[in-house]
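# Coordinates in review
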Amino acid sequence: MKRFVYTCFVAFWSSVISIWSFAALAAGGGAAEGEPDGEGAITASEVAEHSTPDDCWMVIDGVVYDVSEYIPQHPAPPTVMTEWCGKEATEPYRTKGYGRPHSPAADAMLPGYRVGPLADEQ
Amino acid sequence: MLPYHRRFQLAREAHLIGSGAARGLVRAVTAALGVGPLIWVGAAAGIEDVSGAPDVVRLAGAAAGVAGLSWLLLAMVLSIRVPGLDGAFGGLLSLWRFHHRLGAASFVLVMLHPVLLALAAAADGPRVVLAVLTPSWQAWPVWSGWVALLLMMVYLAPSFAFFGHPRYQRWKTLHRLSAAAVLLAVVHGVALSRALPGAQALWLWGGFGALAGVAFVWRLLLSRWLSRRDYVISHVQPLAEGVVELTLDGPPLAFRPGQFVYLTPLDSALGAGCGEEHPYSIVSAPHEDVVRIGVKDLGDASHALLDVTPGSRALLEGPYGEFLPAAHQEPALWIGGGIGLTPFVSAARSFARSGGPADVHLVYCANDPTRAYYLDELKDIAAREPGFTVQAHYFAEQGPLSLEYLRANVPSYAWRQAYVCGPLPLLDLARRLLRDSGVPRRHITTEEFNLL
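The rules behind these values
Positions within a chain are numbered from 1, following the residues in the order the chain's sequence is written. Throughout, the order in which chains and ligands are written sets their labels, letters from A for the former and numbers from 1 for the latter. Where totals are concerned, whole chains, interfaces and linings use all residues; where local detail is concerned, this predicted model gives features only for residues with pLDDT of at least 70, and gives and counts side-chain atom pairs only at 80 or more. Derived side-chain values reflect all non-hydrogen atoms in the structure, with water molecules and hydrogen atoms excluded from consideration. Put simply, DSSP marks the helices as runs of H or I at least four residues long and the strands as runs of E at least two long, and each gets a number from the N terminus on. Every residue pair with non-hydrogen atoms within 4.5 Å of one another is taken to be in contact. The Shrake-Rupley method, run with a 1.4 Å probe sphere, supplies the accessible areas, and residue values consider only the shown protein chains as cover. Put simply, buried area is how much 1.4 Å-probe accessible surface two parts lose in total, over both of them, once they are put together. Polar contacts, as counted here, are pairs of nitrogen or oxygen atoms within 3.5 Å of one another; within protein the pair requires one atom able to donate a hydrogen and one able to accept it, and residues that are adjacent in sequence qualify only if both atoms are side-chain atoms. When residue character is reported, Ala, Val, Leu, Ile, Met, Phe, Trp, Tyr, Cys and Pro are called nonpolar, Asp, Glu, Lys and Arg charged, and the others, Gly included, polar. Here, strands pair whenever DSSP counts at least two bridges between them. Patch construction takes residues with relative accessible area above 30% that form no salt bridge. Like charges are linked within 9 Å, and nonpolar side chains (Val, Leu, Ile, Met, Phe, Trp, Tyr) are linked within 5 Å. One side-chain nitrogen of Lys or Arg within 4 Å of one carboxyl oxygen of Asp or Glu is enough to make a salt bridge. Per-residue accessibility, obtained with a 1.4 Å probe over protein chains only, is compared with the maximum for each type, and a residue is labelled buried under 20%, exposed over 50%, and partly exposed between these values. Each residue gets a pLDDT score, which is the predictor's confidence in that residue and runs from 0 to 100. Residue count minus one, scaled by 1.5 Å, sets the expected span of a helix.

So, on to the overall build of chain A. Within chain A one finds five helices and four strands. Within chain A, counting contacts between residues at least 6 apart in sequence, those at least 24 apart form 63% of the total. Of the accessible surface of chain A, which amounts to about 7,400 Å², a share of 59% is contributed by carbon and sulfur atoms.

Right, dumping it as structure tokens:
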């Protein structure tokens, strides 16, 4: 049994290092995280115009996201998301309505749906 | 001083675990702790939309995490080592083997957990995979899990002989890191629990974690004051080269022949092992006023104990073990080698007070007559007890123990309950000879102290 556990230990590090390296290289070659040129700030009223399930924008932590294509894949029923289309959704994203935040994986998915920053309004 | 039988009766009542019902309860609670969390979380998760391979892999990864954490916590709970509790598991040595396997299983599952979760994120793209494995610092509960896993690797490496056979004391000290690993793992589990609402996750893992914490605090701190008792080593009797019998004066110890204690010598003049606990078999009978243990030079601590100062203090904790039965009504074959004779000597010495056995044959395996300590005493006892027979088998004259010897010297040896205690080669040999003679596994009980 000792040999089996040692084998699992070696296999673990091999797997983790391989997976991590593959993902890091694949992510590095993809779109950069920075803001693309010419991206203007979006006002809240503009966000409110995209408030249907087929055309759904929402604001999380001062950034506007177009999550229309994601809604069908969301683990919870679509209504929990569509309720917030066109609106400020930071608090429901952070708490899911019952005090549990979204996973780090979800946080990492968000940039893929970014539209632009929310404009400061006085 | 109460008569022996009354002391034993009181002790049995005082013992936490004596009856079959109590033992069954202990085993049931252990099983509940082992599978309960997985059932609880599984039920809460429900049959959600499991669509496609990534969901299956993610569920498997979550299940591996729940099972791994449960068994890690259960392993810690089982290490409480309260005298008597080990009876429910067939003795402390059996319990340690169970603990070892639980630890191995939890270690493997906890390693599977992040790998499966990372693979499950593959469909969402490389950035998500990276976020699962190495998220930002805001996702500190994930890092708590990583540190817990790394700590596990550190203190389990010697347990699984990653760098060869470990040194006993170093392994024991390093194993205390398990407390930090468990704490961080529980935090990780509570913070990242998805199926269970926050409060339930806190009750489940917090409660289980607290139970493990109690066991840890008892074992490492409280037992020193509440379970270990003060004795004085009044006499050191040499028996042979590298073997002594220690006589300990102190409070009466209620035990059965065949059980052992953990001895912590406090003699500052000792070359090694002062303040360290090590297991030794009890060689005295339960009715005696003193406790006598047999010590053979098998390591640094036992080597130093051969020269312990008479009159010095020592702590005893016990008794532990489930080797010999309480009564000897069935025909039995006892095979003892070297210091492995001690449990049988304890039993033989007890015949005078508790009555002789129905039909017990003891085969004393020694290298040669100069290594046959206790043989004269055993022969005297055999002369008095009609149901007790002793034969000496000398390796130097007759070679290793053999079927021919057993057939010639022990009538119906294959029909007896066999009890074997001694060095590993003797245990392996005896087990093989008996199995080859058709003795079923459940009729062979062995006791050996090689735990690492």
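With that settled, the discussion passes to the interface of chain A and chain B. With 26 residues of chain A at the contact, the number on the chain B side is 38 residues. Summed over both partners, the interface of chain A with chain B comes to about 2,800 Å²; 78% of that surface belongs to carbon and sulfur atoms. Contact with chain B buries surface across chain A, with Lys2, Phe12 and Arg100 of chain A losing the most and accounting together for 23% of the total. If you look at where chain A meets chain B, you find one residue pair in polar contact (both at pLDDT 80 or more). Among the secondary structure elements, those contributing two or more residues to the side of chain A that touches chain B are helix H1 (2–29) and helix H5 (104–109) of chain A. Tallied by class, residues from the side of chain A that touches chain B come to 20 nonpolar, two polar and four charged.

With that settled, consider the sheet that holds strand S4 (residues 114–117) of chain A. Residues and elements named next belong to chain A. Strand order in the open sheet formed by four strands is S1-S2-S3-S4, and the pairing between neighbours is antiparallel. Sheet topology places strand S1 (51–52) and S4 at the edges, where each strand pairs with a single neighbour. With two bridges connecting them, S1 and strand S2 (residues 55–60) associate as antiparallel partners. Bridging across to S2, Ser51 finds its partner in Cys56.

Before going further, it helps to spend a moment on a nonpolar patch on the surface. Residue and element names in this part refer to chain B. A contiguous nonpolar patch, built from Val217, Leu220, Leu221, Leu222, Trp225 and Leu226 and spanning about 630 Å² of accessible area, is present on the exposed surface. Summarising the element assignment, Leu220 is placed in helix H9 (residues 198–226). Looking at Leu220, the relative accessible area reads 31%, which means it is partly exposed.

Moving on to the confidence of the model for chain B. Residue and element names in this part refer to chain B. Averaged over every residue, the pLDDT of chain B is 90; the share at 70 or more is 94%. When pLDDT is averaged over each helix and strand of chain B, the minimum, 53, is found for helix H1 (residues 4–14) and the maximum, 96, for strand S2 (residues 243–249). The low-confidence segment residues 13–17, where pLDDT is below 50, has nine contacts with residues more than four positions distant or belonging to other chains. Interface confidence in the predicted complex, given as ipTM, is 0.85; pTM for the same model is 0.83.

Moving on to the environment of Ser281 of chain B. Tracing the sequence through the fold places Ser281 of chain B in strand S4 (residues 278–281). Between the C-alpha atom of Ser281 of chain B and that of Ala185 of chain B, which follows or precedes it by 96 residues, the distance is 37 Å.

The α-helix winds at 3.6 residues per turn, so residues separated by three or four positions along the chain end up facing the same way. Residue and element names in this part refer to chain B. The terminal C-alpha atoms of helix H11 (residues 342–354), which comprises 13 residues, lie 18 Å apart, in line with the 18 Å expected from a rise of 1.5 Å per residue. With respect to burial, H11 is a largely interior element, 10 of its 13 residues being buried. All of the buried residues along H11 are Thr342, Pro343, Phe344, Val345, Ser346, Ala347, Ala348, Arg349, Ser350 and Phe351. Following H11 by one or two positions, Gly355 has its phi on the positive side, about 95°.

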